[in-house]
2 protein chains.
Amino acid sequence: MTEQKATNIAWHLGHVTREERALLMRQNPCCIWLTGLSASGKSTIAMALEQVLIQRGHAAYVLDGDNVRHGLNKNLGFSPDDRAENIRRIGEVARLFCDAGLIVITAFISPYREDRQKARALIAPDDFIEVFADAPINVCASRDPKGLYEKAMRGEVKSFTGVSPDAPYEPPLNPEIHLLTGQISVPECVSAILDYLVQQGILHAR
Amino acid sequence: MTEQKATNIAWHLGHVTREERALLMRQNPCCIWLTGLSASGKSTIAMALEQVLIQRGHAAYVLDGDNVRHGLNKNLGFSPDDRAENIRRIGEVARLFCDAGLIVITAFISPYREDRQKARALIAPDDFIEVFADAPINVCASRDPKGLYEKAMRGEVKSFTGVSPDAPYEPPLNPEIHLLTGQISVPECVSAILDYLVQQGILHAR
């Protein structure tokens, strides 16, 4: 038997539809947008969630400081304009990932409601799942894996969210998922998000 | 039987490896970088290739002017600096898609060798498949779906690649795939790329 050749396949010349992708990937695309203070657990939860989704056969990907700040956004600093552009580009890339059919998980402080709102509007409100990683600042400061809170409290780090007067954190008013990350474990946080994804019909039966 | 809970799953706290993703997705990630004059067939080939890959169960996605110029790169114009930044961001996004395990197909004129070389270096040389959509300029000008060649020849469009003296097209010197898009059909172009992907072991048996 000869191998099927592309020339024998009928196609329409246009982008693949959202439905065709969802069928292939057995999932609806969405953006799980984690927001919270530094050391509130965003990246740890994001990576653990990605791992579980991949293990279950889903296509998922984490956008975080590691792969964005040093790549796409390496020409941005921490001025207000650059912070806004940072979140804008992340929102646009998350939109492209959703368009490609993936579950994209973002893990950025994203302190401003307006910026998160813009990302939601960009991606499509129904596909945007805002997850508040909510730990008291004293808990975050006591974890302080990079020693940043201590430096910020001594004034050695400028514009540090939640510490410096010019860098407030605006908590979500109505997030899809609210995780008390100072009280519950990472596996419990991941379970809560997975339960939500199943409830919402985002993960299809296999 | 109760549903498996995330709390019962062992995970390591780190990014999912390239190997784990390749296994799930039954493909090695790569970037198929189409380059060529306006109207040389890049977008048509990209969309047809994406369609065939999706139909065969692969995760693939086209980055082109439609979804990039109006989104991520909407704050860029056509100055030399902005053109370079346009291609840089596309390269960075293609890298993120490869990192997520996808086959990403880019369809941009990308006229400068240096910019394409930078994208190759960024993505990882082995994952970068340069595809030259090579049609003579008179063929491209005769297709001219947007009437741009005519306007450029009348000087009404500035810096038009291949027409304006300040906007040369630098053909690839050693592309992985060279398609004579003025002579062969779109299905033949798609077949040639698919054959290459199979030869290179990028598409795994299912």
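Cut-offs used in this document
Residues numbered from 1 in each chain as written. Chains lettered and ligands numbered in written order. Predicted model: local features only at pLDDT ≥ 70, side-chain atom pairs only at ≥ 80, totals over all residues. Heavy atoms only, no water. Contact = heavy atoms within 4.5 Å. Salt bridge = Lys/Arg side-chain N within 4 Å of Asp/Glu carboxyl O. Helix = DSSP H or I, 4+ residues; strand = E, 2+ residues; numbered from the N terminus. Nonpolar A, V, L, I, M, F, W, Y, C, P; charged D, E, K, R; others polar. Buried < 20%, exposed > 50% of the residue type's maximum accessible area, 1.4 Å probe, protein only. Polar contact = N/O pair within 3.5 Å; in protein donor to acceptor, adjacent residues only side chain to side chain. Pairing = 2+ DSSP bridges. Axes fitted to C-alpha atoms, helices over the stretch in contact; angles between N-to-C directions.

Draft legend 1. Highlighting the interface of chain B and chain A. With 57 residues of chain B at the contact, the number on the chain A side is 57 residues. Across the chain B-chain A interface, the total number found is two salt bridges. Notably, a salt bridge pairs Glu50(B) with Arg21(A), separated by 2.6 Å at the nearest N-O pair. Elements represented by at least two residues in the side of chain B that touches chain A include exactly α1 (18–25), α2 (42–55), β2 (60–64), α3 (65–72), α4 (80–99) and α8 (186–199) of chain B. Per-element accounting of the side of chain B that touches chain A gives the leading share, nine residues, to α4(B). Among the residues making up the side of chain B that touches chain A, the classes are represented as 27 nonpolar, 15 polar and 15 charged.

Draft legend 2. Expanded view of the side chain of Glu92(A). Mapped onto the fold, Glu92(A) is located in helix α4 (residues 80–99). Ignoring sequence-local partners within four residues, the contact set of Glu92(A) consists of Leu122(A), Gly71(B), Leu72(B) and Lys74(B).

Draft legend 3. Highlighting α3(B). Of all the positions in α3(B), only Asn67(B), Val68(B), Arg69(B), Gly71(B) and Leu72(B) are classed as buried. Where α3(B) is buried, its residues meet α3 (65–72) and α4 of chain A together with β2 and α4 of chain B. The backbone nitrogen of Asp66(B) lies 3.0 Å from a side-chain oxygen of the residue at the head of α3(B), namely Asp64(B).

Draft legend 4. Inspection of the sheet that holds strand β1 (residues 30–35) of chain A at higher detail. Residue and element names in this part refer to chain A. Ordered in space as β2-β3-β1-β4-β5, the five strands form an open sheet in which the pairing is parallel. Either end of the sheet is taken by a strand with one partner, and the two such strands are β2 (60–64) and β5 (177–179). Each strand of the sheet is rotated relative to its neighbour by a mean of 20 degrees, with strand direction disregarded. Each of β2 and β3 (103–107) touches α3; the most contacted strand, β2, lies at about 60 degrees to it. Where helix α8 (residues 186–199) meets the sheet, its contacts fall on β1, β4 (128–133) and β5, and the angle it forms with β5 comes to roughly 170 degrees.

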